[in-house]
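# Examination of the molecular architecture
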Amino acid sequence: MLHTLRCFFHLIGAQARAQMQYRFNFFAQVFSMIATYMGQFIALSWLTDRFGSIRGWRLEEVILFYALAILAWGFCVSLFFHLVSFEDQIREGLFDRALVRPLNPFIQLLAGHSPIAGTGQLAFSIGAFLWATARAGVVWTPLKLLYLLGVAVGGALILGAALVTVSALGFFTRRTYTFYWTVVYPARQLVHYPLNIYSQVVQWLLTVGLPFAFINYYPAHVLLDRAANLPWPLLAYLTPLVGVVTFAAAYGLWCLGLRSYVGAGS
Amino acid sequence: MEDAIITVENLRKEFRIPRRRPGFLGTLRSLLSPEYEVRTAVDGISFTIRRGELVGYIGPNGAGKSTTIKILTGIMVPTSGRVVVDGLVPYERRVENARRIGVVFGQRTQLWWDLPTIDSFELLRHIYRIPAGVYKQNLELFTDLLGLGEFLNTPVRQLSLGQRMRADLAAALLHNPRLVYLDEPTIGLDVVAKERIRRFIKEINRERGVTIILTTHDMQDVEKLCERMILIDHGRVVYDGPVEEVKRRFGRHRILVVDLEGAPEEVSVEGAEVIRRENGRVWLRFNRDEISAAQLIHRVGQRYNIVDLTLEEPEIEGIIARIYEEGM
Ligand SMILES: Nc1ncnc2c1ncn2[C@@H]1O[C@H](COP(=O)(O)OP(=O)(O)O)[C@@H](O)[C@H]1O
Ligand SMILES: [Mg+2]
């Protein structure tokens, strides 16, 4: 276990060093990330300014939903986002080598990408979150901070589980990008807005299907001291549990997929 | 067999190649109701390898060599059959198996592409938990034998194919594996580079008693390195036995390719058999023991005007064709 962890950091370090050789690439990534968020943010404020509020949520509160989703994403990106490109590794037979080394192949997959861009995302996420909570007038207590930690980690696990599932499907279908861009990405976009603007079906889907509502919508109620407004206030406290359960299930699926791995067709 | 390190019984591997449908809905449909085309890559192969052997596993492209290696190394799960490597079923005890083996895939490097070569070795040292003393000793030895010194600090992506292959070989042996799989370690290399790699392989096998399975479609590799060869074609074993035997039976034949002026209608030369013709180009098969190449060229020259000529070593395809023709 300790050995695995140590190797994990050696591998991550190697990827970071490798990426430093392509500095321009890194700046390009950070730039495009910031541009994307600016765009989303402007759209959001325009909407709320125009309507004053969305379904009973003030602009500041809507921004908090958004920031909380971004926060979980920030924790998730470094470790899991590159799983979206797993189909390339399968197609090119690159994953073979993970299987002939005495180290858990899943760990090798996670450690197979530079964390630098992801760290930039995390810094941005935390900054945006602090700013949003200040604006929304969140009153911090030690208990709330602890709760926030659970929510951030749980949310990152929920998103991570989705990405692990995407890569697991790659074993079966040899495709991963498709699943990310047509299912996971749109669902992520949906939860940037308060869930109650959507129909019941969508709300259900984002709670029990792809449970992204646990990333920000339910927990935000607690941070804003409005948990009592939820139909089941308990929902606001399930994020870490949902994270662990979905992640374990996704990992199970991944291991199952591994058995059908056949590599590249030479 | 008592000292068997690898036992393979009735190994089969079928690839079910999904028929892809375009678009997202297509992918979803493929997932729910998949349609497959089945391709049998390994079709009932059995063999045993003893400790310390250096065996040539050879066959033409697409014969199923790499597929076999991928099952033996634990990368793939077979469709059916039994595989035991050093007491383990590799694809069920992947990590344990990985500790004991070394693997080189000539077509794809195992090294970290963007980092200096030495960094890959360092990473492997951690992954395999190689004791400092062993690591140092091996690195020195391999640097010496393979001439790695000149490029240890060069990023792998900048290495020539020959350098990369040498680095890959060293990487596969750093942790003192008992068993090494080399899948086409000489592919695409020039004669000098091939020779250097062959010498190293031989040395490792002799001095360290490492069992080596060498996959190749270069008959020369096998002749120079192996005592035993397993010849496969279309996923089946065509021959398993001494290399000498094959050489004695079929390796005496060589082929002289000549371009003749004016493309004569009838070509026949004493001591050689015309096996193919294309306009003025003629393929002549002859037996080294009966006539030397020089003699044959002389004879051809007496009757026709030679524009150009090349001498071909027997190819695996040719040997297989003759085994089918004549039996073994
Ligand atoms: N991952 C794969 N998916 C589909 N077909 C494959 C795959 N790997 C190999 N094959 C097919 O199996 C056959 C044997 O391939 P391979 O074992 O790579 O041959 P060799 O190494 O002897 O050249 C070939 O027809 C090849 O196209
Ligand atoms: Mg091959």
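Only a predicted model underlies this, so the values are computations on that prediction, with no experimental measurement involved.

Rules behind the numbers
- Every residue gets a number counted from 1 within its own chain, in the order that chain's sequence is written.
- For this description, chains carry letters from A and ligands carry numbers from 1, given in the order in which they are written.
- The predicted nature of this model means local features are confined to residues of pLDDT at least 70 and side-chain atom pairs, given and counted, to a pLDDT of 80 or more, with totals for whole chains, interfaces and linings taken over all residues.
- With hydrogens and water stripped out, all remaining heavy atoms of the structure feed into the side-chain values.
- If a single non-hydrogen atom of a residue is within 4 Å of a molecule or strand, that residue counts as near it.
- What qualifies as a polar contact is a pair of N or O atoms within 3.5 Å, subject to a donor-acceptor requirement within protein and to the restriction that residues adjacent in sequence count only when both atoms come from side chains.
- Only DSSP runs of H or I with at least four residues qualify as helices, and only runs of E with at least two residues qualify as strands; both kinds are numbered from the N terminus onward.
- We call two residues in contact whenever any of their non-hydrogen atoms come within 4.5 Å of each other.
- Defined in terms of a 1.4 Å probe, buried area is the accessible area two parts forfeit on being brought together, summed over both.
- When a carboxyl oxygen of Asp or Glu lies within 4 Å of a side-chain nitrogen of Lys or Arg, that pair is called a salt bridge.
- Amino acids outside the nonpolar list (Ala, Val, Leu, Ile, Met, Phe, Trp, Tyr, Cys, Pro) and the charged list (Asp, Glu, Lys, Arg) are all regarded as polar, and Gly is one of them.
- Fitted lines through C-alpha atoms serve as axes, helices being fitted only where they are in contact, and the angles separating the N-to-C directions of these axes extend from 0 to 180 degrees.
- By the definition adopted for this analysis, an angle is roughly parallel if under 35 degrees, roughly antiparallel if over 145, roughly perpendicular if from 65 to 115, and oblique otherwise.
- By the definition used in this description, the sense in which the near helix is turned from the far one sets the handedness, with an anticlockwise turn below a right angle giving left-handed and a clockwise turn giving right-handed.
- These domain limits were set by an automatic method or by a database of domain assignments.

Quick look at the site of ligand 1 now. Neighbouring residues of ligand 1: 18 residues in total, closest R39, G62, K65, S66 and T67 of chain B. Ligand 1 is flanked by residues contributed from chains A and B. Between S66 of chain B and ligand 1, the recorded distance is 2.8 Å, taken from a side-chain N or O atom to an oxygen atom. The side chain of T67 of chain B places a nitrogen or oxygen atom 2.5 Å from an oxygen atom of ligand 1. Elements supplying a minimum of two residues to the shell around ligand 1: β1 (4–18), β2 (36–50) and α2 (65–72) of chain B.

We now examine the interface of chain A and chain B. Counting residues at the interface gives 33 residues for chain A and 33 residues for chain B. Buried surface at the junction of chain A and chain B, summed over both partners, amounts to about 3400 Å²; 60% is from carbon and sulfur atoms. A per-residue breakdown of the area chain A buries against chain B is headed by V100, R101 and P102 of chain A, which together make up 19% of the total. The tally of links between chain A and chain B comes to two salt bridges. Residue K70 of chain B pairs with D96 of chain A through a salt bridge whose shortest N-O separation is 3.8 Å. Joining chain A to chain B, the criterion identifies nine residue pairs in polar contact (both at pLDDT 80 or more). Of all the elements in the fold, those that place two or more residues in the side of chain A that touches chain B are α1 (2–19), α5 (96–99), α8 (142–173) and α9 (177–190) of chain A. With eight residues, the single largest contributor to the side of chain A that touches chain B is α1 of chain A. Residue composition of the side of chain A that touches chain B, grouped by class: 17 nonpolar, eight polar and eight charged.

In this section: unusual backbone geometry. Residue and element names in this part refer to chain B. The backbone of D86 shows a phi angle near 50°, a positive value even though the residue is not glycine. Mapped onto the elements of the fold, D86 is located in the loop between β4 (80–85) and α3 (94–100). The backbone phi angle of R129 is positive, close to 50°, even though this residue is not glycine. Along the chain, R129 turns up in the loop between α4 (117–127) and α5 (132–146).

Further remarks concern the packing of α8 of chain A against α9 of chain A. Residue and element names in this part refer to chain A. Across the interface, α8 lies against α9 with an axial gap of 11 Å and an inter-helix angle of 165°. Between α8 and α9, the angle is such that the two are roughly antiparallel. As α8 runs across α9, the sense of the crossing is right-handed. Contacts between α8 and α9 involve L159, A162, L163, V166, L169 and T173 from the first element and F179, Y180, V184 and R188 from the second.

All names here are of chain B. Here the domain parsing of chain B yields domain 1 (4–248) and domain 2 (252–326). In this complex, domain 1 contributes 16 residues to the contact, which on the side of domain 2 involves nine residues. Carbon and sulfur atoms make up 70% of the area that domain 1 and domain 2 hide from each other, which totals about 950 Å². Our count for the domain 1 to domain 2 interface comes out at zero salt bridges. Of all the elements in the fold, those that place two or more residues in the side of domain 1 that touches domain 2 are α8 (219–225), β8 (228–233), β9 (236–242) and α9 (243–251). In terms of residue class, the side of domain 1 that touches domain 2 is built from eight nonpolar, four polar and four charged.

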